[in-house]
Amino acid sequence: SIFDTLKNDDNKSTYELVGDSLEELRLLRRKVQTEKELLAEKGLRRASETYLFYEGEIVVIIAEGEWKGYDAVVKAADDPMTVTVVPVLDMFAINGGDTEE
């Protein structure tokens, strides 16, 4: 049936079926957000491939993994293709733990 075809369609990531039969079926289009849109909501943007990082620069880790969303400080940026960062758990500890009140 048409209902079963829609229900089992592999492209359901763009819509959602609402209802249990063809008579009460409604299609709701899902908003599929791009990575760019998700980052923009958080006030972030992905660095371009040509961007040159500098030592001491503060960045946000967006790669999947346990550090996703954490701030980090660039420690080495000798090669544009390889940048070493150190996650920062306490933004006040960036300068070696010195804090000003």
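Residues numbered from 1 in each chain as written. Predicted model: local features only at pLDDT ≥ 70, side-chain atom pairs only at ≥ 80, totals over all residues. Heavy atoms only, no water.

1. A few points about the overall build of the protein
Scanning the protein from terminus to terminus reveals two helices and five strands. Put simply, the protein runs from its N terminus to its C terminus through helices and strands in the order α-β-β-α-β-β-β. Here the protein, with 101 residues, has 12% of them falling under the buried criterion. In the structure as shown, the protein presents an accessible area of about 8600 Å², 51% of it carried by carbon and sulfur atoms. (Helix = DSSP H or I, 4+ residues; strand = E, 2+ residues; numbered from the N terminus. Buried < 20%, exposed > 50% of the residue type's maximum accessible area, 1.4 Å probe, protein only. Areas by Shrake-Rupley, 256 points an atom, 1.4 Å probe, with all protein chains shown as cover.)

2. As for the pattern of salt bridges
This structure, assessed with the given rule, holds two salt bridges. A salt bridge links Glu64 to Lys68; the shortest N-O distance between them is 2.7 Å. In this structure Glu64 comes out as exposed when scored by relative accessible area, which is 67%. Classification of Lys68 as partly exposed rests on a relative accessible area of 40%. (Salt bridge = Lys/Arg side-chain N within 4 Å of Asp/Glu carboxyl O.)

3. Regarding the sheet that holds strand β5 (residues 82–88)
Ordered by their spatial adjacency, three strands build an open sheet running β3-β4-β5, and the pairing between neighbours is antiparallel. Whereas interior strands pair on both sides, the edge strands pair on one side only; in this sheet they are β3 (58–60) and β5. Between one strand and the next, the sheet's axes are offset by a mean angle of 45°, whatever the strand orientation. Two elements, strand β4 (residues 71–79) and β5, share six bridges in a ladder whose sense is antiparallel. When the sheet's bridge partners are listed, Ala72 is paired in β5 with Pro87. (Pairing = 2+ DSSP bridges. Axes fitted to C-alpha atoms, helices over the stretch in contact; angles between N-to-C directions.)

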